[in-house]
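Residue-level structure breakdown
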Amino acid sequence: GENVEQHPSTLSVQEGDSAVIKCTYSDSASNYFPWYKQELGKGPQLIIDIRSNVGEKKDQRIAVTLNKTAKHFSLHITETQPEDSAVYFCAASSNYQLIWGAGTKLIIKP
Amino acid sequence: DAEITQSPRHKITETGRQVTLACHQTWNHNNMFWYRQDLGHGLRLIHYSYGVQDTNKGEVSDGYSVSRSNTEDLPLTLESAASSQTSVYFCASSPAGSDEQFFGPGTRLTVL
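Scope of this entry: the structure provided in the associated data block. (Residues numbered from 1 in each chain as written. Chains lettered and ligands numbered in written order. Predicted model: local features only at pLDDT ≥ 70, side-chain atom pairs only at ≥ 80, totals over all residues. Heavy atoms only, no water.)

1. A few points about the overall build of chain B
When helices and strands are tallied, chain B shows zero helices and eleven strands. Relative to the compact-globule value of 13 Å for 112 residues, chain B shows a C-alpha radius of gyration of 13 Å, a close match. Projected onto its principal axes, the C-alpha coordinates of chain B cover approximately 40 × 25 × 25 Å. Here the contacts in chain B between residues at least 6 apart in sequence split such that 54% fall between residues at least 24 apart. One finds the centroid of the 8 positive side-chain charges in chain B at a distance of 9 Å from the centroid of its 12 negative side-chain charges. (Helix = DSSP H or I, 4+ residues; strand = E, 2+ residues; numbered from the N terminus. Rg over C-alpha atoms; globule rule 2.2 N^0.38 Å. Contact = heavy atoms within 4.5 Å. Lys, Arg positive; Asp, Glu negative; His and termini not counted. Charge placed at Lys NZ, Arg CZ, Asp CG, Glu CD.)

2. What about the side chain of B:Ser94?
You can see B:Ser94 is positioned in strand β9 (residues 87-94). Excluding residues that lie within four positions of it along the chain, B:Ser94 makes contacts with B:His29, B:Asn30, B:Asn31, B:Phe33, B:Glu100 and B:Gln101.

3. Structural notes on the environment of A:Lys57
Residues and elements named next belong to chain A. For Lys57, the location among the structural elements is in strand β6 (residues 56-59). On the basis of relative accessibility, which here comes to 36%, the residue Lys57 falls in the partly exposed class. At 2.9 Å, the side chain of Lys57 forms a polar contact with the side chain of Asp49. (Buried < 20%, exposed > 50% of the residue type's maximum accessible area, 1.4 Å probe, protein only. Polar contact = N/O pair within 3.5 Å; in protein donor to acceptor, adjacent residues only side chain to side chain.)

4. Overview of the packing of aromatic side chains
Remark: the centre distance and the inter-plane angle together describe each pair of aromatic rings, the angle taken between the planes. Under the counting rule described, the total for this entry stands at 16 aromatic pairs over all chains. Ring geometry for A:Trp35 and A:Phe73: centres 5.6 Å apart, planes at 65°, overall edge-to-face. Separated by 38 residues along the polypeptide, A:Trp35 in strand β4 (residues 32-38) and A:Phe73 in strand β8 (residues 72-77) bring together distant segments of the chain. Members of the aromatic cluster, joined through ring pairs, are A:Tyr36, A:Phe89, A:Trp100, B:Phe33, B:Tyr35, B:Tyr48, B:Tyr50, B:Phe90 and B:Phe103. (Phe/Tyr/Trp six-rings, centres within 6.5 Å; stacked < 30°, edge-to-face > 60°.)

5. Describing the pairing of strand β3 (residues 19-25) of chain A
Residues and elements named next belong to chain A. The side-chain alternation of β3 yields one buried face, formed by Ala19, Ile21, Cys23 and Tyr25, and one unburied face, formed by Val20, Lys22 and Thr24. Bridging between strand β1 (residues 4-7) and β3 involves four bridges; their strand directions are antiparallel. Opposite Gln6, over in β3, you have Cys23 as the bridge partner. Two strands pair when backbone bridges link them, and β3 and β8 are joined in this way by six bridges, in the antiparallel orientation. Note that in β8 the partner of Val20 across the bridge is His76. (Pairing = 2+ DSSP bridges.)

6. Here we look at the state of the cysteines
Applying the stated criterion to the full structure yields two disulfides over all chains. Paired through a disulfide, A:Cys23 and A:Cys90 show a sulfur-sulfur distance of 1.9 Å. On the sign convention where negative is left-handed, the bridge of A:Cys23 and A:Cys90, at about -100° about the S-S bond, is left-handed. Note that A:Cys23 is positioned in strand β3 and A:Cys90 in strand β9 (residues 86-94), a separation of 67 residues in sequence. Judged by relative accessible area, A:Cys90 falls into the buried class, the value being 0%. The residue that forms a disulfide with B:Cys23 is B:Cys91, at a sulfur-sulfur distance of 1.8 Å. Negative torsions about the S-S bond denote left-handed disulfides, and the value of about -70° found for B:Cys23 with B:Cys91 makes this one left-handed. Of this pair, B:Cys23 sits in strand β3 (residues 19-25) while B:Cys91 sits in strand β9, placing them 68 residues apart in sequence. (Disulfide = S-S within 2.5 Å.)

7. Thoughts on the interface of chain B and chain A
Contact residues are listed per partner, giving 20 residues for chain B and 18 residues for chain A. The contact between chain B and chain A buries some 1500 Å² in all, and 52% of this surface belongs to carbon and sulfur atoms. Summed over the shared surface of chain B and chain A, the number is one salt bridge. In this structure, A:Arg51 engages B:Asp99 in a salt bridge whose closest nitrogen and oxygen atoms are separated by 2.8 Å. Scanning the region where chain B abuts chain A turns up five residue pairs in polar contact (both at pLDDT 80 or more). Elements supplying a minimum of two residues to the side of chain B that touches chain A: β4 (31-38) and β5 (42-51) of chain B. With five residues, β5(B) is the single largest residue contributor to the side of chain B that touches chain A. Split into classes, the residues belonging to the side of chain B that touches chain A amount to nine nonpolar, eight polar and three charged. (Buried area = accessible area lost by both parts, 1.4 Å probe. Salt bridge = Lys/Arg side-chain N within 4 Å of Asp/Glu carboxyl O. Nonpolar A, V, L, I, M, F, W, Y, C, P; charged D, E, K, R; others polar.)

Structure, rendered in structure tokens:
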């Protein structure tokens, strides 16, 4: 079955700098790769996603890139702000089931 | 507004007791999911349903059961709670044919 690895587990960046979180997956049949943000005490919320027929997608300060050959995808956050502090999860999916990475705690230092 | 709710938000129970966690969504979504979240493991799928009377086992289904008698609800039952089932449980739903899942606020369960 699918296995998703996520790195790093904790990332601390200066406010205004960029943050990059990376994930690898094992199942070449996976075709949907979402990123979720989880704030303390809340459920995860989708922030951006990408499908296997696209290499990059951008939405304001966040972007996701996908390398199908290498089976890895990354989340990029530019001009980080205090409200970006949260836990971020990547996931990989086929047939509407999500397999999740272990999460990255992003800390934005003032 | 349509939403997904979970109850209770916090529960403390004893080993061996039966526990049921409720999940209710008003979006009329066909697909519903139960996950548990533990530090270092992300979210792991327990059970899922693609419609009324449909239920399927996920990655960590042992000791859990679900039933889907209507579109709105997917209760999760722990038949005989164990300390290893102490966790935060999340319910999610998605429309038929969609990959995006919408999550409830979670239930923190402690088994003593």
